[in-house]
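# Commentary on secondary and tertiary structure
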Amino acid sequence: NFSLKQLQEIDGAHHLHPFTDHKDLRAAGTRIITRADGPFIYDSEGNELLDGMAGLWCVNVGYGRHELAEAAYAQMKELPYYNSFFRCSTPTPVLLSRKLAEIAPAGVKQVFYGSSGSESNDTALRLVRHYWALEGKPEKTIIVSRRSAYHGSTVAGASLGGMAAMHSQLGAPVPGIVHAMAPYAFELSLPGESEHDFGVRAARSVEDAILEAGPQNVAAFIGEPVMGAGGVKIPPASYWPEIQRICRKYDVLLMLDEVITGYGRTGAWFAAQSMGIEPDTITTAKALTSGYQPLSALLVGDRIASTVIEKGGEFYHGYTYSGHPVACAVALANLEIIEKEGLIERVRDDTGPYFRKSLMERLAGHGIVGEVRTIGLMGAIEIVKDKETRERFPGDGAAAVVVRDHAIANGMMLRATGDTMILSPPLIWTRSTIDMAADRIAKALDLAEADLRK
Ligand code: PLP
C-alpha cells in the first residue's frame, strides 16, 4: 500500500498526463481517485465528491455496476481477444452491431469499431474521402469544421478540432480542413439579433466556407450536435436544419460527432434523433460502455456504406482492437442497463427538465453568472464579472478555475473550460442528486465571488 505522498512523488517522476501543465501538477500534487459508487467518486484520503462530469462525459450508468464487471470477466475467461480482420470476428461485436443498428437513426446500419473517439473520427475522415474517390470525385477532400470544436487528440482529431492551441502545438493541422464559426450565441450574437437569426447566421458561415473552398472540393461538414469540451455550446433550434439544408444543397456529407451526446445524454439515444438531424456518419465512444472499457463505434449511413461495400474492395484501415470482444461484451451489458432502467426516458421527461429548472432557479441569478444553459443532462454556467455587460474577469479562464476549486473543496466535481463551468453527470442522477449539486455549486459560486471581488 502506497501513501498519497508516495504516489504523488512517483506520479511526478514518471507519469505524463493528458491536457496537464506538469509544473502546476507537481505544485498542487496529483489527486488520486481510488474508488467510486453510484454518483460518487472517492479520493485516497476518503473525500467524497459528487461527480458532475461522469468521469469525462462517459460514465452514464454511474459507478459500481457489477453487471459490467461480470460481463467483462465472463468474456475474458471465454475468449479475451481475437481480431475482426481477415474474415474473422468474435460474437460480441456482431451482436453489438445489430443492437447499434436498431437504436441508430434511420438509414444508419453499419458499424466500424475503434478504441477511442479520436480513432473513430480518424476513421470517419478517411472513410468520407475514400467514399468520394470511389464515387469518381477524388477532388472532394475538404472538411469544414468549426472553431471551438473538439474532435480528439490524434493528429487528424486535433486538426478537425477548432482549438487554436492544439493546432499550434501538435504538428496539426493536416491539410484540407477549414473552420467556420461556432454557434455560440452568448459571445457571438449581435446586439438585438434574435436567437433564430443567430442560428441561421452561424450555419451560413459554414455555407461561406463551402463556397470559398468550392463545393466541388468539399467532402463533408463535421460537428458535435452540442459542442462539449468547447463549453457546452447549445445551438439555437434554427441551426441544424439550416446546416442540413446547406449540406444537401452542395452535396456535402454530414458527419456528426456524438462522442459526448451519444447514448442518452440529450434524452434520446442520439442527439441526431432529439434534434432531427440526418447524418451520414456518427462518431460515438465514451458512454457506449459508460467508460468501463475503451470502445468507439463509428456508425455509417447507407449512402457511404453501400458504395464502400459494393465498389470499395478492401478498405486499408483498422485497429488491433477494432471490435474487441471484451469491450463489446461490456457495451452490450451497458446498453441493456440504459434500456432496462429507462434512463433515456428519465432524462427526457424528468431529470433533464428538473436539471434545467433547478440550475436556472438556483444559479442563473447569481452575481457572477452570465448565463445558464442546459440540454438533457448537460449544462454550462458562464462566469462573468458583470452580468449586464457580460464582461469577464481578467485572466482568461482563471475565474472559472477559482469556482472549480471551491466546488471540489465542497464535494462537487465539475470542470472549467475557458470562462465556462461545465456539467455532464451520470444519467442515474435523481432530483435529489440534482438538488445536492445545485447546493454545492451555489456555495462554490458564493465563495468564488468573495475571492474574485476582493
Ligand atoms: N469527440 C468529442 C466530441 C469528444 O468530446 C472527444 C473527447 O472528449 C473526442 C471526440 C475524443 O475522444 P477520445 O478522447 O476517446 O479519443
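In short, a report on the structure. Numbering of residues starts from 1 in every chain and runs along the sequence as written. Per-residue local features are limited, in this predicted model, to residues with pLDDT of at least 70; the limit for side-chain atom pairs, both in listing and counting, is 80 or more; totals at the level of whole chains, interfaces and linings are taken over all residues.

## A look at the overall build of the protein chain
Just so we agree on the cut-off: Comment: elements are numbered from the N terminus, with helices defined as DSSP H or I runs of at least four residues and strands as E runs of at least two. When we talk radius of gyration, it's over C-alpha atoms, and the globule rule is simply 2.2 Å times the number of residues to the 0.38. The burial criterion counts other C-beta atoms lying within 10 Å of a residue's C-beta, which is placed from the backbone; the residue is buried at 20 or more, exposed at 12 or fewer, and partly exposed between these limits. Any pair of residues counts as being in contact when their C-beta atoms, constructed from backbone geometry, are within 7 Å of one another.
A count of helices and strands for the protein chain gives 17 helices and 15 strands. Taking 454 residues into account, the globule formula puts the C-alpha radius of gyration at 22 Å, and the protein chain, at 22 Å, falls close to it. Principal axes of the C-alpha set define a box for the protein chain whose edges measure 65 × 60 × 45 Å. Out of the 454 residues in the protein chain, the part that is buried amounts to 50%. Taking the intrachain contacts of the protein chain between residues at least 6 apart in sequence as the baseline, contacts between residues at least 24 apart amount to 72%.

## Considerations on the nonpolar core
To be explicit about the condition: Each nonpolar core comprises buried Ala, Val, Leu, Ile, Met, Phe, Trp, Tyr and Cys residues, the members being joined through C-beta atoms within 7 Å. Boundaries of every domain are those given by an automatic assignment or by a domain database.
In this structure, Val128, Ala220, Phe221, Val330 and Val403 are the most contacted members of the largest nonpolar core, which totals 129 residues. Here the element with the most residues in this core is helix H14 (residues 325-340); it accounts for nine residues. Summarising the domain contributions, this core has at least three residues from each of domain 1 (31-61 + 342-452) and domain 2 (68-340). Not counting residues within four places of it along the chain, the set of residues in contact with Ala220 comprises Val128, Ile143, Val252, Leu253, Leu254 and Met255.

## So, the pairing of strand S8 (residues 253-257)
Quick reminder of the rule: At least two bridges found by DSSP between two strands are what make those strands a pair.
S8 sits mainly inside the fold: five of its five residues count as buried. For strand S7 (residues 218-223) and S8, the ladder comprises four bridges, and the chain directions are parallel. Within the sheet, the bridge partner assigned to Gly223 lies in S8 and is Leu256. Sheet topology note: the S8/strand S9 (residues 281-284) ladder contains three bridges and is parallel.

## Things to note about unusual backbone geometry
At Ala54, a residue that is not glycine, the phi angle is positive and equals roughly 45 degrees. Relative to the assigned elements, Ala54 resides in helix H3 (residues 54-57). Non-glycine residue Asp396 carries a positive phi angle of around 50 degrees. As for its position among the elements, Asp396 is in the loop between strand S12 (378-383) and helix H16 (398-409). A residue is classified by how many C-beta atoms lie within 10 Å of it, and Asp396, with 10 of them, is exposed.

## Quick look at the site of the ligand
Heads up, the rule is: By definition, a residue lies near a molecule or strand provided its backbone-derived C-beta atom is within 6 Å of it. Nonpolar residues are Ala, Val, Leu, Ile, Met, Phe, Trp, Tyr, Cys and Pro. Charged residues are Asp, Glu, Lys and Arg, and all others, Gly as well, are polar.
Surrounding the ligand, one finds 15 residues, the nearest of these being Ser116, Gly117, Ser118, Gly152 and Val259. Tallying contributions element by element places helix H6 (residues 117-134) first for the shell around the ligand, with three residues. Of the residues contributing to the shell around the ligand, the split by class is six nonpolar, seven polar and two charged.

## Points about the packing of H6 against helix H13 (residues 302-311)
For any two helices packed against each other, one specifies the inter-axial angle together with the distance between the axes. So the rule is basically this: To define axes, lines are fitted to C-alpha atoms, for helices over the stretch in contact only, and angles between the resulting N-to-C directions are given on a 0 to 180 degree scale. By convention, the crossing between two helices is left-handed when the near helix turns anticlockwise from the far helix through less than a right angle, and right-handed when the turn is clockwise.
Closest axis-to-axis distance for the H6/H13 pair is 10 Å, and the angle between their directions is 65 degrees. In the packing of H6 onto H13, the handedness of the crossing is left-handed. Across the interface between the two elements, Leu127, Val128, His130, Tyr131 and Leu134 of H6 pack against Ile304, Thr307, Val308 and Lys311 of H13. Its residues assigned to classes, the contact of H6 with H13 comprises six nonpolar, two polar and one charged.

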